[in-house]
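The chain contents come next:
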Amino acid sequence: MRVLTIGGGGRESAAVDAFHRAGSDIYAVMKNSNPGIIEKAKKYLLTDEKNIAEICRFAKENIIELAFVGPEAPLEAGLVDALEEEGVPCASPTRAAARIETSKSFMRELVRKHKVDGNLEYAAFDNPADTETYLKKVDHEIVVKPVGLTGGKGVKVQGEHIHTMKDIMGYVNEIFENNIGGAGVIIEEKAVGEEFTQMAFCDGKTVAPMPLVQDHKRAYEGDVGPNTGGMGSYSDADHLLPFVGVEDRRKALDIMKQIVSAMSEEGCPYRGVMYGQFMLTKSGPKIIEINARFGDPEAMNVLPILEDNFEKICWDMAKGTLSGAVRFAKKATVCKYVVPRGYGTKPEAGHRISVDMEGVKRSGAEAFYSNVDMRDGVLVTGTSRAVGVVGIDDSLEGADWNCETALSFVESDAIFVRHDIGTRDLIQRRVDHMREILGK
Ligand code: AMP
Ligand code: GLY
């Protein structure tokens, strides 16, 4: 099948790889020259991923039969709606369905209206004065979020990034003054526990789960420093996590199924990958956010161990013919992102980087290029995450070892990596934290 892919990051590199394994003819659109994607594409177009007119022209010219959109920005811009109007089936949500991610107040209101489990207390505001009046009344710790998209970096948590009423209102005012996210402020109850990601394939009614993954948002080892898009992630061979059992996973999946049926009832059926970010608390999984796409880095954990045909799954999502189960190998994975020096605060772009892909493959691992670019024939870093390296093995320990071996094939003098991701120590801390919360 002639498949159009949108996006040039690590997540899209993993998706392109999965299409390639499925035998698709790949037509790729991205804004940076990602060598991993270019190598597997029949043809590619370098343009802004929100350039709808140009992307539709490229799709028509190449008689595209199926489209897959990686990042959220083109979903919000209405790319899927435009492609569908041109007759191209899409394995990604329309603009209306993508509101589950692009508007945090839409998501919370939908969940409240349809009495979906796992909601948190919240209130959305369009001015600082009403926000302050509300804040004076709440008797629990809170989280401040811009309502709209901020690339995963707009959230401030009381007790971590903000402490006093002055700090909180300072950030609320900043969001309004600078129009961060473009749609006001949402104040949420702070959930306390351990986070995990449940992703699923959806076709408007059927929801087929992927293995659970845990991401690491903080920039530095030991879970400190600023929030990032995600520094790395792991998944276990039994598709659960060391601190999330079968029952809590079932609850999380049930929440996602309730959301998918609520969206159909609202007249905006959800087709595509859905990403559920949950906090496992002492009263079960709570919704932190729902995204309208694969997680990045989480896509790099699950796609390399996908056993079914990715093109077929995407076709079924687009056409509403998905079966309830998709198969993944019983393998553990550890993904560590190589990021440019200064990432999280002041990233330094434009430094030379090289990856010995043969070496990575020989070690049984995978590496996916992300925000890198070609400049005068030289591969250089951008301001975001550069290369995702994924170790795969029967156990988490083996996967971590495999990932570290593969990391030695990445060379640059202006990068860093969170080596603690996927290690026994860090995972044990998560397990202990969860035990403490549950009072066990
Ligand atoms: P988000 O961009 O919504 O994923 O938020 C970024 C990070 O902020 C999450 O991964 C959580 O660690 C934290 N966070 C967001 N919402 C909440 C909440 N309601 N309670 C506690 N932590 C939260
Ligand atoms: N890894 C977090 C995200 O993709 O939103």
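For the structure itself, look to the data block above.
Read on for a plain summary of the structure. Quick caveat: nothing in here was measured; it's all calculated off a predicted structure. (Residues numbered from 1 in each chain as written. Chains lettered and ligands numbered in written order. Predicted model: local features only at pLDDT ≥ 70, side-chain atom pairs only at ≥ 80, totals over all residues. Heavy atoms only, no water.)

1. A few points about the sheet that holds strand 9 (residues 194-203)
Within the open sheet, the four strands sit side by side as 10-9-15-16. Their pairing is antiparallel. What marks the edges here is a single partner per strand, and that holds for strand 10 (207-209) and strand 16 (284-291). When strand polarity is set aside, the average angle formed by the axes of neighbouring strands in this sheet is 35 degrees. Bridge analysis of strand 15 (residues 271-281) against strand 16 gives seven bridges, and the strand direction is antiparallel. Paired with threonine 281 across the strands is glycine 284, a residue of strand 16. In the packing of helix 10 (residues 246-265) onto the sheet, contacts are made with strand 9, strand 10, strand 15 and strand 16, and the angle to strand 15 comes to roughly 135 degrees. (Pairing = 2+ DSSP bridges. Helix = DSSP H or I, 4+ residues; strand = E, 2+ residues; numbered from the N terminus. Axes fitted to C-alpha atoms, helices over the stretch in contact; angles between N-to-C directions. Contact = heavy atoms within 4.5 Å.)

2. A look at helix 9 (residues 165-178)
Taking 1.5 Å per residue, 14 residues should reach 20 Å; helix 9 reaches 20 Å between its end C-alpha atoms and fits that length. Among the residues of helix 9, those classed as buried are Ile168, Met169, Tyr171, Val172 and Ile175. For helix 9, the angular spread of buried residues about the axis comes to 160 degrees, placing them on one side. Among the exposed residues of helix 9, those oriented more than 90 degrees off its buried face are Lys166, Glu177 and Asn178. In this structure, the buried side of helix 9 is in contact with helix 8 (128-137), strand 6 (142-146), strand 7 (156-157) and strand 8 (185-189). Immediately beyond the C-terminal end of helix 9, within one or two residues, lies asparagine 179, with a positive phi of roughly 55 degrees. (Expected span 1.5 Å × (residues − 1). Buried < 20%, exposed > 50% of the residue type's maximum accessible area, 1.4 Å probe, protein only. Arc of directions from axis to C-beta.)

3. Considering the packing of aromatic side chains
Within this structure, the stated rule accounts for ten aromatic pairs. Both rings, one in tyrosine 27 and one in phenylalanine 58, keep their centres 6.5 Å apart while their planes meet at 65 degrees; by these two values the pair is edge-to-face. Of this pair, tyrosine 27 sits in strand 2 (residues 25-30) while phenylalanine 58 sits in helix 3 (residues 52-61), and the two are 31 residues apart along the sequence. What makes tyrosine 27 buried here is its relative accessible area of 6%. Here phenylalanine 125 and tyrosine 134 contribute two aromatic rings whose centre-to-centre distance is 5.3 Å and whose plane-to-plane angle is 50 degrees, an arrangement assigned as tilted. With relative accessibility at 14%, the residue phenylalanine 125 sits in the buried group. Judged by its relative accessible area of 15%, tyrosine 134 falls in the buried class. (Phe/Tyr/Trp six-rings, centres within 6.5 Å; stacked < 30°, edge-to-face > 60°.)

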